[in-house]
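One letter stands for each residue in the lines below.
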Amino acid sequence: SEEEQLIYREIYQGVLEHQEEIVVHGEDPNYVNNILEPIVYDFPALFWIDGASRATGYEESMLKEGYSIVKPEYLYNKEESMQRTILIEQERDYVLQSIPEGFGDYERVKFIYDYLVERLEYVEGAPDNQNICSSLIQNETVCAGYAKAMQYLLNAMDMECIYVLGDVTDETGTDGHAWNIVNCDGSYYYV
């Protein structure tokens, strides 16, 4: 809805600026809290937030329309986030400059895929394994780190890449998993 889009933009801007308290339209704190999660999935470069927050709603009154105050839980302070951003952007630039000229969509997706698979080690207990710090700085991650790095690098080339969460089931049971859907030459593929 238009209201959700407005709240989405307000929370995104606040998280981007590392605000401790973000004032948004909408007085229902549960409703507002549910909008933070898609922002985390849409913007892997916002690695300093994991999607958790506390929102407090304030009802409409004669003088003021209803609003909420969102208090995101940040993984790093603003200074450390900016230092890590520099390292991530250096890695991004290195990877993108390594792609041969003339590569089409398929070759670029395959290049990024091969780069990540060859460079990263799957380590369940890796620090930051739910964000791109683990994959683009520390080289140890889990499925979330792989998928967010793929999304981040392909989006940097203006390629549509969606972060997907779901479950995988095998003979041992069901576990949470992350992967991507990529728009490659006008068709969508799982990566």
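Structure: see above.
These numbers were taken from a predicted model, which means no experiment stands behind them. Residues take numbers from 1 onward in each chain, read along the sequence in its written order. With pLDDT at 70 or above as the cut-off, local features in this predicted model cover only qualifying residues; side-chain atom pairs require 80 or more to be listed or tallied, and sums for whole chains, interfaces and linings still use all residues. The side-chain numbers reported here are obtained from all heavy atoms of the structure, hydrogens and water having been left aside.

### Considering the overall build of the chain
Step number 1: A count of helical and extended segments in the chain gives 6 helices and 8 strands.
Step number 2: If you list the helices and strands of the chain from N to C, you get α-β-α-β-β-α-α-β-α-β-α-β-β-β.
Step number 3: Projected onto its principal axes, the C-alpha coordinates of the chain cover approximately 60 × 40 × 35 Å.
Step number 4: Within the chain, buried positions represent 39% of all 191 residues.
Step number 5: Contacts between residues were defined by any pair of non-hydrogen atoms, one from each residue, lying within 4.5 Å. Long-range contacts, defined here as pairs at least 24 residues apart, represent 51% of the contacts in the chain between residues at least 6 apart.
Step number 6: When the accessible area of the chain is evaluated, it comes to approximately 10,900 Å², of which 48% is carbon and sulfur surface.
Step number 7: Neither His nor the chain termini are counted; the positive set is Lys and Arg, and the negative set is Asp and Glu. Note that the charge is assigned to NZ on lysines, CZ on arginines, CG on aspartates and CD on glutamates. Counting 11 positive and 37 negative side-chain charges, the chain places the averaged centre of each group 6 Å from the other. In this description a helix means any DSSP run of H or I spanning at least four residues, a strand means any run of E spanning at least two, and both kinds are numbered starting from the N terminus. Only protein chains enter the accessibility calculation, which uses a 1.4 Å probe; a residue is then buried when its area is under 20% of its type maximum, exposed when over 50%, and partly exposed in between. For accessible areas, the Shrake-Rupley method is used with a probe of radius 1.4 Å. Any residue's cover is judged against the shown protein chains and nothing else.

### Considering the sheet that holds strand β7 (residues 173–184)
Step number 1: Here, strands pair whenever DSSP counts at least two bridges between them. Strand order in the open sheet formed by 3 strands is β6-β7-β8, and the pairing between neighbours is antiparallel. If you trace the sheet from one side to the other, it starts and ends with β6 (161–170) and β8 (187–190), each paired once. In this sheet, adjacent strand axes meet at a mean angle of 30° when their direction is disregarded.
Step number 2: Here β6 pairs with β7 via 10 bridges, running antiparallel. Its bridge partner lying in β7, Tyr163 is registered against Asn180. Here an axis means a line fitted to C-alpha atoms, over the contact stretch when the element is a helix, while the angle between two N-to-C directions is reported on a 0 to 180 degree scale.

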